[in-house]
Amino acid sequence: MLLPAAIVTFIFAYMPMGGLVMAFQDFKPYDGLFGSKFVGWKHFDFMFQYPDSKEVIWNTLVISSFKIVFGLIVPFVFAILLNEVRKTAFKRTVQTLVYLPHFISWVILGAILTDMLSSKGIINSTLISLGFEAVPWLANGNWFRFTVIVSDIWQNFGFNTIVFLASLAGVNPSLYEAAEVDGANRWKQTVHITVPAMIPIAVVVGTLSLGNILNGGFDQIFNLYNTLVYDKGDIIDTFVYRTAILNGQYSFGTAVGLFKSVIGLILIVISYRMAYKYAGYRIF
């Protein structure tokens, strides 16, 4: 039963890794992988010597770090709050509503947010009607970062909430009953039963998220950013798209992708070891 999935994974996930050799070549499509000239570490040197490289890497780290941290805290807290709801119908309705944005692509969400956050959009119009000044959400670098982080959390926290709620499904109800008999109120039950039950899955989610520290979210950034916010909003993927892919510099793009993958692998290994050492939890 596993054979078809294994074959598909091998064809689409492992065979393309042969293309990583382009990172060490001046790849020309008409010469192919075997005819293109090898240039060693040339593209990696260029990646770090390019004037905007440090700024782009810093932007990626800042945006990704905030997404990871708040993308873990918000669903964690929300799952605890939702777990305290006793009306099943209301609980399921809220759970469905916060989960829906996860299925909407950033092409659609980007257009919606661009319209809502424009100078004459509904949000700025509301602010002006209340006596405040319009905010340049997508025209100022700092506000752009804030918009990107908040909108990403809004889209994805519903999915992560379900993951945390699933971890609570395995908690023995007798633990709460025993705690209540011993005089523990809802707050103490949450602190001593609910939170410890969620810690292992939080460790897993956090550990796996670190592997994406250099993925700032290409789809989101690409559909929201503009030339006014390049200094604070341009990430590695959008930078490569503009400077490499559109200009046919496939080797440079591959070099950046390989660099990201290696860093991601190192971070996952380190975080996995830390999770095992300090939390006593193993993924496999």
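These figures come from a predicted structure and were not determined experimentally.

Chemist: Kindly report on helix α8 (residues 141-168), identifying the contributing residues and their values.
Modeler: In this model α8 runs 39 Å from its N-terminal to its C-terminal C-alpha over 28 residues, within 8% of the 40 Å that 1.5 Å per residue would give. In the structure, α8 departs most strongly from a straight axis at N156, where the bend amounts to approximately 45 degrees. Its side-chain oxygen placed 3.0 Å from the backbone nitrogen of N142, N140 serves as the N-cap of α8.

Chemist: A description of the nonpolar core should follow, citing residues and the corresponding values.
Modeler: Membership of the largest hydrophobic core comes to 19 residues, with the highest contact counts inside it found for F76, F164 and M198. Every element with two or more residues in this core is listed here: α4 (53-83), α5 (88-99), α8, α9 (173-181) and α10 (186-210). In terms of residue count, α8 provides more of this core than any other element does, six residues in total. Discounting chain neighbours no more than four positions away, the residues touching F164 are L72, P75, F76, A79, M198, I201 and A202. V56, L214, I236 and F252 belong to the second largest nonpolar core, which has 17 residues in total.

Chemist: Quick one: what's the story with the packing of α5 against α8, residue by residue and with numbers?
Modeler: One can describe the packing of α5 onto α8 by two numbers: an axis separation of 7 Å at closest approach and a directional angle of 135 degrees. Considering their axes alone, α5 and α8 lie oblique with respect to each other. Residues Q95, V98 and Y99 of α5 touch α8, and the partners they reach there are F157, G158, F159, I162 and L165. Tallied by class, residues from the contact of α5 with α8 come to six nonpolar, two polar and no charged.

Chemist: Tell me about the environment of D237, and please be specific about residues and values.
Modeler: Topologically, D237 is positioned in helix α13 (residues 236-245). For D237, a relative accessible area of 22% puts it in the partly exposed group. Measuring from C-alpha to C-alpha, the distance between D237 and V205 comes to 23 Å, with 32 residues separating the pair along the chain. If we skip the residues at most four places from it in the chain, D237 touches N215, F218 and K260.

Chemist: Could you give an account of the confidence of the model for the chain, naming the residues involved and the relevant values?
Modeler: Confidence in the prediction of the chain, expressed as mean pLDDT, is 87, and 98% of residues score 70 or more. For the chain, per-element mean pLDDT is lowest for helix α2 (residues 32-35), which scores 82, and highest for helix α1 (residues 3-14), which scores 94.

Chemist: Please give an account of the environment of M17 that cites residues and values.
Modeler: Its location among the elements puts M17 in the loop between α1 and β1 (25-26). Considered as a pair, M17 and L258 are 241 residues apart in the sequence and their alpha carbons are 9.8 Å apart.

Chemist: Describe the pattern of salt bridges, listing the residues and the values that go with them.
Modeler: Under the criterion given, the structure shown has five salt bridges. Note that D237 is salt-bridged to K260, the shortest N-O span being 2.5 Å. Here D237 is found in helix α13, whereas its partner K260 is found in helix α14 (residues 250-278), with 23 residues between them in sequence. Overall, K260 belongs to the buried group, its relative accessible area being 13%.

Chemist: Talk me through the packing of aromatic side chains; I want residue IDs and the actual numbers.
Modeler: Here the distance between the centres and the angle between the planes together describe a pair of aromatic rings. The full count for this structure, using the stated rule, is 20 aromatic pairs. Judged by centre distance (5.5 Å) and plane angle (90 degrees), the ring pair of F24 and W41 falls under edge-to-face. Taken together, the residues span a long stretch of sequence, with F24 in the loop between α1 and β1 and W41 in the loop between β2 (37-38) and α3 (42-49) at a distance of 17 residues. For the ring pair F27 and Y250, a centre distance of 6.4 Å and an interplane angle of 80 degrees mean the geometry is edge-to-face.

About the thresholds
- Residues numbered from 1 in each chain as written.
- Predicted model: local features only at pLDDT ≥ 70, side-chain atom pairs only at ≥ 80, totals over all residues.
- Heavy atoms only, no water.
- Helix = DSSP H or I, 4+ residues; strand = E, 2+ residues; numbered from the N terminus.
- Expected span 1.5 Å × (residues − 1).
- Bend = angle between axes of the 7 residues up to and from the residue.
- Polar contact = N/O pair within 3.5 Å; in protein donor to acceptor, adjacent residues only side chain to side chain.
- Core = buried A, V, L, I, M, F, W, Y, C linked by side-chain atoms within 4.5 Å.
- Buried < 20%, exposed > 50% of the residue type's maximum accessible area, 1.4 Å probe, protein only.
- Contact = heavy atoms within 4.5 Å.
- Axes fitted to C-alpha atoms, helices over the stretch in contact; angles between N-to-C directions.
- Parallel < 35°, antiparallel > 145°, perpendicular 65-115°, else oblique.
- Nonpolar A, V, L, I, M, F, W, Y, C, P; charged D, E, K, R; others polar.
- pLDDT = per-residue confidence, 0-100.
- Salt bridge = Lys/Arg side-chain N within 4 Å of Asp/Glu carboxyl O.
- Phe/Tyr/Trp six-rings, centres within 6.5 Å; stacked < 30°, edge-to-face > 60°.

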